[in-house]
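# Topology and contacts: notes
Spelled out from the first residue to the last, the chains are:
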Amino acid sequence: MGNCFGTSPGNEPIFFPGDEDLQHVTLGQDQPLIHGPVIWVSETPLTEGQLRGKRDTFWETAPAYDGRKEIWDALKVAAEAAEEEDYDLAQAILTGANISLPTGRLTEVYDELGTRYVIPNYCLNRPTNMQDQENFKTTSQTQNITGEQLTLKIRLSTLGKDVKITVNPNDTVLHVKHKLHELHNVDATKIKMLFSGTVLADSIVVGQLKIPRGFVIQAFVG
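Reference entry: report on the structure contained in this document. (Residues numbered from 1 in each chain as written. Predicted model: local features only at pLDDT ≥ 70, side-chain atom pairs only at ≥ 80, totals over all residues. Heavy atoms only, no water.)

What follows deals with the nonpolar core. Grouped together as the largest cluster of nonpolar side chains are 29 residues, with contacts concentrated most on Leu75, Ile99, Leu106 and Ile119. By residue number, the principal contributor to this core is helix α2 (residues 69-83), which donates eight residues. Counting 20 residues, the second-largest nonpolar core is a separate cluster that includes Leu180, Val186, Ile191 and Val206. (Core = buried A, V, L, I, M, F, W, Y, C linked by side-chain atoms within 4.5 Å. Buried < 20%, exposed > 50% of the residue type's maximum accessible area, 1.4 Å probe, protein only. Helix = DSSP H or I, 4+ residues; strand = E, 2+ residues; numbered from the N terminus.)

Looking now at helix α5 (residues 173-184). Compared with an ideal rise of 1.5 Å per residue, which puts twelve residues at 16 Å, α5 spans 16 Å between its outermost C-alpha atoms and is within 8% of the ideal. Listing the buried residues of α5 in full gives Val173, Val176, Lys177 and Leu180. Each buried residue of α5 lies within a common arc of 100 degrees when the element is viewed along its axis, so the set occupies one face. In the core, the buried residues of α5 are packed alongside β6 (150-156), β7 (161-167) and β8 (191-195). Note on α5: the residue one or two positions beyond its end, Asn185, has a positive phi of about 55 degrees. (Expected span 1.5 Å × (residues − 1). Arc of directions from axis to C-beta. Contact = heavy atoms within 4.5 Å.)

What follows covers the sheet that holds strand β9 (residues 198-199). Pairing is mixed across the open sheet formed by five strands, whose spatial order is β7-β6-β10-β8-β9. Sheet topology places β7 and β9 at the edges, where each strand pairs with a single neighbour. Pairing between β6 and strand β10 (residues 216-221): four bridges, direction parallel. Bridging from a neighbouring strand, Ile154 pairs with Ile217 of β10. (Pairing = 2+ DSSP bridges.)

Turning our attention to unusual backbone geometry. Note on backbone geometry: most residues besides glycine have negative phi, and most peptide bonds are trans. Positive phi, close to 65 degrees, is recorded for Glu85, a residue that is not glycine. Relative to the elements of secondary structure, Glu85 occurs in the loop between α2 and α3 (87-96). Residue class for Glu85 comes out exposed when judged on its relative accessible area of 59%. Here Lys210, not a glycine, exhibits a phi torsion of approximately 55 degrees, which is positive. With respect to the helices, strands and loops of the structure, Lys210 is situated in the loop between β9 and β10.

Before going further, it helps to spend a moment on α3. By the burial criterion, the buried members of α3 are Tyr87, Ala90, Ile93 and Leu94. When α3 is viewed along its axis, its buried side chains cluster within an angular range of 125 degrees and face the same direction. For α3, the exposed residues lying more than 90 degrees away from the buried face are Asp88 and Gly96. Of the surrounding secondary structure, the elements contacted by the buried residues of α3 are α2. Residue Asn98 follows α3 closely and has a positive phi angle near 60 degrees.

Here is the structure:
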């Protein structure tokens, strides 16, 4: 049989290894974890740093919305074990936490109280179109983005208020961090900046982000 194609919780295209994986699955009942990666394609190619940032953001914020923190913690460890192909450890963690998998996949699971947990593909496996970090840096550095200076509105966690800084469209996120250091005496190496829920890699050029006027960028220090 050919490969199956569908849509992930994050709306990225997702491919399953083959129909044979689901032949013996009875949907709606707890299934053992299927061995093998979830193969998917990112709408925008990601670097290793961007992928790591998206994962960190998801695991840090998911417990605040729904579900129990101990279940989210167990799912994180199980997902990491499965990505390393240690399926026995992943299954043991799921079983120990009374987490059920109706489809045998970690993309949608339930705890013993019936609470639903949805994990995006980028937290389970790398996309097939990962972008090399060095190539990304080269592309970003060689692109010449012209235009007027930009005024960024940044919510700095150490101050608890919004600050404004002016940058050029060609400036990188790292440059913005250094400006925050100069103006507000924060350690640039400890700043994590988020735009629309995504952690920004240092090499990203500000002008590429197309930040709407008045939009607040989050800057966490720690």
